[in-house]
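# Architecture and fold: a report
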Amino acid sequence: MVQCAQCGRELGQQGEDQRVASISGGIMGDEYIESYFLCSRCGVYTVEIYHDRFLGEDSVSVRGPVPRAEGDAKVKLIKQCSRPWDKRCRCEAHRSYFGGWLD
Ligand SMILES: [Zn+2]
Ligand SMILES: [Zn+2]
């Protein structure tokens with residue numbers, strides 16, 4: 001469950017507040033999955049970052065509110081990849097999104 005970082009409303013359930021895009025990347029043996037949720041009330045994004053540690057506990061953190069323009073740009077980038085769920089993907093979009101951190 002993700003709550004809007006601005007208004008606290010629950011997102012990702014149904015209707016207009018569905019998950020917009022998510023991308024997975026492998027960094028130093030760990031996996032990161034970043035999911036963008038758009039709050040239809042606030043018009044800002046909340047980003048859920050799931051960190052799957054190779055050693056140790058998984059953790060989930062939330063970033064936001066992310067301004068609409070910034071979030072739209074990230075979502076657009078993610079949608080350029082045909083396999084955003086694949087942490088081994090090394091396409092332009094993945095490299096651009098995660099920078100030089102990919103394994
Ligand atoms: Zn909101
Ligand atoms: Zn990719």
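We now turn to the structure provided with this report. Quick caveat, the model's predicted, so the values are computed rather than measured.

### Describing the coordination of the zinc ion (ligand 1)
- Protein ligation of the zinc ion (ligand 1) involves Cys4 (SG), Cys7 (SG), Cys39 (SG) and Cys42 (SG), the donor distances falling in the range 2.2 to 2.4 Å.
- Coordination at the zinc ion (ligand 1) is tetrahedral, judged from the 4 donor atoms that bind it and the angles of 106 to 114 degrees they form at the metal.
- For the zinc ion (ligand 1), the single-chain donor residues occur in sequence as C-x2-C-x31-C-x2-C. In this pair, cysteine 4 sits in the loop between β1 (2-3) and β2 (10-11) while cysteine 39 sits in the loop between β4 (30-38) and β5 (45-52), placing the two residues 35 residues apart along the sequence.

### Describing the packing of aromatic side chains
- Taken as a whole and assessed by the stated rule, the structure comprises 2 aromatic pairs.
- Ring centres 6.2 Å apart and planes at 75 degrees place the aromatic pair tyrosine 36 and tyrosine 45 in the edge-to-face group. Comparing tyrosine 36 with tyrosine 45, the two get one shared label, buried.
- Here the aromatic rings of tyrosine 97 and phenylalanine 98 are separated by 4.8 Å at their centres, their planes lie at 65 degrees, and the arrangement is edge-to-face. You'll find tyrosine 97 and phenylalanine 98 in the same group, each marked buried.

Procedures and definitions
Residues numbered from 1 in each chain as written. Chains lettered and ligands numbered in written order. Predicted model: local features only at pLDDT ≥ 70, side-chain atom pairs only at ≥ 80, totals over all residues. Heavy atoms only, no water. Donors = N, O, S within 2.8 Å, 3.2 Å for Na, K, Ca; no water. Tetrahedral: all angles 85-135°; square planar, octahedral: opposite > 155°, others 65-115°. Helix = DSSP H or I, 4+ residues; strand = E, 2+ residues; numbered from the N terminus. Phe/Tyr/Trp six-rings, centres within 6.5 Å; stacked < 30°, edge-to-face > 60°. Buried < 20%, exposed > 50% of the residue type's maximum accessible area, 1.4 Å probe, protein only.

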